[in-house]
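# Examining the three-dimensional arrangement
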Amino acid sequence: MKRKLFTVQQSHGSDDLSFANPPCVHEPRMGTVLMSHQRKTWLTRTAISLFLVFLFLPSLNLFAQNKTVSGTVKDEKGQPLSGVSVVVKETKTGASTNAAGQFSLSVPQTGTLVFSYIGYNTVEIPIGSNSSYDVTLKTGAAALGEVIVVAYGSTTKRTSTGAVQTVSSKELQDIPVPQVTQKLQGKLAGVQINQTTGKPGQGMQVRIRGQVSILAGSDPLYVVDGFPIVGDISNINPDEIETISVLKDAASTSLYGSRAANGVVLITTKHAKGNQTSIGVNAFYGVQQVPQKGRPDMMNGAEFAQFKKESYEDLGQPVPDVFQNPQQYGEGYDWYGGMLQSAPVQNYSISLGSSRDRFSTSVTAGFFDQEGVLRNSDFQRFSLRINSDFKVSDKIKIGFNAAPSYSINNTPGSDGAFYATNANVAVPGGLLYNSLLTWPILPYENPDGTLPLSAWIPGISAFPTPNWYRALNEITNETKTARLLSNAYIEYEPIKGLDLKSTINVDLGNTSFINFQPSTSSTTFASLPPTTATSIRRNDQYYSWLNENLATYKRSFGDHNFELLGGFTTQKFRSEAAQLRLTDFPDDRIHTIQSAINIDRTQSFSDVQEWSLISYIARLTYNYQGKYLLTAAIRRDGSSRFGSDNRWGNFPSVSAGWVASDEKFMQNMKSISLLKFRGSYGVIGNNNIGNYTQYATVNTTTNAVFGSTVAPGASVVTLGNSDLGWETTKQFDFGIDLGLFKNRLIVAYDFYTKKTTNLLYNLAVPQESGFTTFNGNIGELKFWGHEFTASAKILTGDFRWNVD
């Protein structure tokens, strides 16, 4: 058959292709394209070039079209906002504003800039031809989208179903006090924070929704960067803290199980932010005084002498010569006021932060120095915190935190208790209390400025009084504490939505206590100087480590949003303590151990304490369209503190919420920004009963006499209880969150009831058994209460006042 074929021809002078009619040839099956070797080479090169262009075109365009934009972000009052996140939407490109509210960022020619900041509405601006952007952020509903830290994760105010209150560092930074708990006073509903001591540098007593135990302790559990620490947070520099979340109901605390009955305080420390370098300095200096209005109303010298004179006259007894002329004493000696002083307090902190694409680190160093209003009392704290995070790849992230601190505390006996005679048992009284009982006509200082050993005047038959003023200035009662909080973690995202995290946390502490009471000082009325010089030396050291392995999976199916958490944790604690009580020093100026003649063996000892905890946790969080909320959680704890027959406990909780303001029938109620109802129920525990209480303990200092020989021995001194378990608290909470006028006014109400059963208590047993008490679980306590909070942002945004 015959077919007409096309021949591809290429001229040497151009790249144009032309087609010509070829001669007829016979080809039974297919056409033939006639092509020279040169033409084949050209087409091959063209194809390769086009392939490479299309392969690298996105990246070439990105680099070719990037430009730099800058600008300033301010609030509604025109004040610059520091730390505002500026991000190119749907990318990882971003920066943060500096202290002047300024930012600079390399962006593509097209896209959207997203400006976001906690407590303010998010603003999105298309990237156009402008190179400068001045943005104003307004307060509003964004505050309800603020991320808050909860147990083993985070949520938002809008979707939270538990009773959680959060305080940010911005709310606390202007309060010049040394302790974190002092900054929280009056800011949290249902949380009582009381100052139980006037000693410098000491922490506060915190009670969350009441005291739910008699003997097992009522202090909350403190969790620093995910680490449940030992003891309190008095040694933490407040300038290191970013946010504080207080978990109050069982639903929010149940993932801490057997330690959560007294509530949980979550502390998150500062990390570098948003692709920037920042420097912050905080300093304050002040003077403390005990106001006259708060002091006891005491008689002066003349008033006291008049009182004694009239007392003798009323009794019909002759008035001693020393009281015949009361006015001679004038003001006399103000023993209480003489013990006090005006005391300076100062604090200095510096913070450095640097964040880049893959690495960020922040350093906070602090020094705090407080002299006490009681003479010869002071407190110093040196602190350092380093938080570093490194993004190895898009799927792997690692981090390391270290926070060493060192404090020196010197506080002679005051506050109604003194520990000089025994570091474990406080002696009632104290120097301040004794000073209130001392006659104001007795001198604590001689005319030449020297200090007498005791206070008395000739002609008074009363027993001389020890010179409390001298004792206050001479007694050494010093505690030095070194502590290290540290953790390291690795985080891996194998697939989208699944996050695997493993952490190791360490808490190391060492405390050295030295008390020296010279022979020239006395702390009790019954002991006049000169006395026997005594000293107590005690050293405590401990370590606690925690390993957590968590898996978190987030997934959304249309309007259904899920988050599933599962994990395994284990923690161990061990402490060692040794104490010596030394007496009979030949010279008050020499305090060394070898200079003491005697060692008081009844108050010298060594001690070891240990406990361990192993736990499994799980939590399911679900919401539909962000307005129907449900959370269920459970923790299973195994503790060494309890009996062999009762080692394990389960602590479940469930909570639900309804964001009614998102319903269609409320869309016309413009004044209501948020209306949310929430309720929860859960079971939590309290394991603060000390260690070894479940065992029959043995006293190894029981000696026996055989004839004329004393033989060492041991005896059982307490009964064991293999069924000893933790206290159990069941709690129900119902709450309402209401935001009005674009959340300028936010109101929250909570009603709660909680019942604590299986109270840990020392039960009396018949003396015929050879024992006096028995550790067991008995009795119950019930609590209920109402909480109401209101916060208003009145002078923000547009403010108008119309007068008719």
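A brief report on the enclosed structure follows. (Residues numbered from 1 in each chain as written. Predicted model: local features only at pLDDT ≥ 70, side-chain atom pairs only at ≥ 80, totals over all residues. Heavy atoms only, no water.)

This part is about the overall build of the protein. Along the protein, the regular secondary structure elements total eight helices and 45 strands. Burial statistics for the protein: of 804 residues in total, 42% are counted as buried. Put simply, 66% of the contacts in the protein that link residues at least 6 apart link residues at least 24 apart. Surface exposure of the protein reaches about 41,800 Å², of which carbon and sulfur atoms provide 56%. (Helix = DSSP H or I, 4+ residues; strand = E, 2+ residues; numbered from the N terminus. Buried < 20%, exposed > 50% of the residue type's maximum accessible area, 1.4 Å probe, protein only. Contact = heavy atoms within 4.5 Å. Areas by Shrake-Rupley, 256 points an atom, 1.4 Å probe, with all protein chains shown as cover.)

In this model helix H5 (residues 301–314) runs 20 Å from its N-terminal to its C-terminal C-alpha over 14 residues, within 8% of the 20 Å that 1.5 Å per residue would give. Measuring from the backbone nitrogen of Ala302 back to the side-chain oxygen at the start of H5 gives 3.3 Å, which picks out Asn300 as the cap. Downstream of H5 by one or two residues, Gly316 has phi in the positive range, about 70 degrees. (Expected span 1.5 Å × (residues − 1). Polar contact = N/O pair within 3.5 Å; in protein donor to acceptor, adjacent residues only side chain to side chain.)

Before going further, it helps to examine a negative patch on the surface. On the surface, Asp297, Glu303, Glu331 and Asp334 cluster together to form a negatively charged patch. Note that Asp297 resides in the loop between strand S21 (277–288) and H5. Since its relative accessible area comes to 79%, Asp297 is described here as exposed. (Patch = residues over 30% accessible without salt bridge, like charges linked within 9 Å, V, L, I, M, F, W, Y side chains within 5 Å. Salt bridge = Lys/Arg side-chain N within 4 Å of Asp/Glu carboxyl O. Lys, Arg positive; Asp, Glu negative; His and termini not counted. Charge placed at Lys NZ, Arg CZ, Asp CG, Glu CD.)

Relative to the assigned elements, Ala455 resides in strand S28 (residues 454–455). On the basis of relative accessibility, which here comes to 1%, the residue Ala455 falls in the buried class. Along the sequence, Ala455 and Glu445 sit 10 residues apart, while their C-alpha atoms lie 8.6 Å from each other. Other than its neighbours up to four places away in sequence, Ala455 contacts Trp335, Leu442, Pro443, Pro464 and Thr465.

Bringing the side chain of Thr411 into the picture now. Following the sequence through the fold, Thr411 ends up in the loop between strand S25 (396–410) and strand S26 (417–418). For Thr411, a relative accessible area of 7% corresponds to the buried category. For Thr411, the residues in contact, after removing those within four places along its chain, are Lys199, Pro200, Ser377 and Asn477.

What follows is about the pairing of strand S11 (residues 132–136). Along S11, the buried face is formed by Tyr133 and Val135; none of Ser132, Asp134 and Thr136, which line the opposite face, is buried. One ladder, built from five bridges, connects strand S5 (residues 67–74) with S11; its direction is parallel. If you follow Thr72 over to S11, its bridge partner there is Asp134. (Pairing = 2+ DSSP bridges.)

The next subject is a nonpolar patch on the surface. Taken together, the side chains of Phe359, Phe390, Val392, Ile398 and Ile490 present a nonpolar region at the surface, about 400 Å² in accessible area. Mapped onto the elements of the fold, Phe390 is located in strand S24 (residues 378–391).

Before going further, it helps to spend a moment on the sheet that holds strand S19 (residues 241–247). One open sheet holds the five strands; their spatial order is S14-S19-S20-S17-S18, and the pairing between them is mixed. Of all strands in the sheet, those bounded by a partner on one side alone are strand S14 (164–168) and strand S18 (227–228). Sheet analysis places S14 next to S19, joined by five bridges and oriented antiparallel. Within S19, the position partnered with Ser168 by the bridge is Thr243.

A separate point is the pairing of strand S36 (residues 628–639). As defined by bridge partners, strand S35 (residues 605–624) adjoins S36 across 12 bridges and the pair is classed as antiparallel. By the bridge assignment for S36, Leu613 is matched with Ser639. The hairpin turn running from S35 into S36, its antiparallel successor, is three residues long, and Gln625 in that turn takes a positive phi close to 60 degrees. With 11 bridges joining them, S36 and strand S37 (residues 648–659) adopt antiparallel strand pairing. What sits directly across from Ala633, in S37, is Ser653.

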